[in-house]
Amino acid sequence: MTISYWNGRYLPLDEVHVSPLDRGFLFADGLYEVTAAYNGRLFEPEAHIARLQRGMSELRIDCTLSAGDWLGIMERLAAESGIDGDLTVYFQVTRGAASSRGHAFPAGVTPSVFGMASPLKRPPASWRDQGVAAITIPDIRWGRCDLKTVALLGSVLAQQAATDAGVVDALQLRDGLVTEGAATNIFVVKDGVIATPINDNRILEGITRVVILRLAAEAGLRLEERDIPAAELESADEIWIASTTKEITPVTSLNGKPVGTGTPGMVWRRLFALFAERLGREGTGR
């Protein structure tokens, strides 16, 4: 039995029933979060909760759950999931179900809150040993990519473009600049300097991205947050993609051409070793 959370109740997933008038269903009017748990311990849960709460504030979704409430639900879903191994906890909050369909925010509507746990399939060893291939595509998403909304059609189309091309990710370009992968943050390394796009409305501030910035600073690595022209992808020594489910993955082929030497780079190797150590500490509670 897969346990889930639905509007204050814990119940089997197949007993969750969503109204067809829910605004998440009709308008993609909602937000979501995915938090990993390694060895039974949640990784950076407070950061995920803070991002969710910021998104609700920006979208004016009035949810009464506190940060402590969210954490408690997350911990219970993870503990009672019955999953043997690493997992993710998924949350989705929509504005709720109104009595009729209308674009403006309805009055007196209670948000719909859903949560579930799923097994986490970590990146295969081949991704670390050999890297992955990616392509570049135009970024067609809306102008508030900093909000982790359920309006994911742009990302769906980007990932499908990658799938159709037989590669792992699609790196998106807007106005001649690098933004994000289909559902990943992007890092570019040249001459030992790590660069990543500015944290503004054009990208989502990924939690793994935040961890990478922290680890790089602790290790004394040079890292710049700035606009990255698309041309820098062609001359990069290393390119990485990062997310909760892809962790930190080296891109060794882009648009059919090798990135740098065509193998995972030394800067990535150092950063990934620090990241793996951090996961180990979180996983064992140290």
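So, here's what we can say about the structure.

Calculation notes
Residues numbered from 1 in each chain as written. Predicted model: local features only at pLDDT ≥ 70, side-chain atom pairs only at ≥ 80, totals over all residues. Heavy atoms only, no water. Core = buried A, V, L, I, M, F, W, Y, C linked by side-chain atoms within 4.5 Å. Buried < 20%, exposed > 50% of the residue type's maximum accessible area, 1.4 Å probe, protein only. Helix = DSSP H or I, 4+ residues; strand = E, 2+ residues; numbered from the N terminus. Contact = heavy atoms within 4.5 Å. Pairing = 2+ DSSP bridges.

Below, the discussion takes up the nonpolar core. Core analysis: the biggest nonpolar cluster contains 23 residues, and Met56 and Trp70 have the highest contact counts within it. Among the elements of the structure, strand E1 (3–6), strand E3 (30–38), helix H2 (45–59), helix H3 (67–79) and strand E5 (87–94) are those that each provide at least two residues to this core. Looking at this core element by element, the count peaks at five residues for H3. When neighbours within four sequence positions are excluded, methionine 56 is seen to be in contact with Leu31, Ile61, Cys63, Trp70 and Val93. Ile212, Trp240, Phe272 and Phe275 belong to the second largest nonpolar core, which has 22 residues in total.

Our focus in this paragraph is the pairing of E1. With burial as the criterion, each face of E1 is covered, one bearing Ile3 and Tyr5 and the other bearing Ser4 and Trp6. Where E1 meets strand E2 (residues 9–12), four bridges bridge the pair, whose relative direction is antiparallel. Bridging from a neighbouring strand, tyrosine 5 pairs with tyrosine 10 of E2. In textbook terms, the turn of a hairpin is the stretch between consecutive antiparallel strands, and for E1 and E2 this stretch comprises two residues, one of which, asparagine 7, has a positive phi near 50 degrees. In the sheet, E1 pairs with strand E6 (residues 112–119) via three bridges, with the strands oriented antiparallel.

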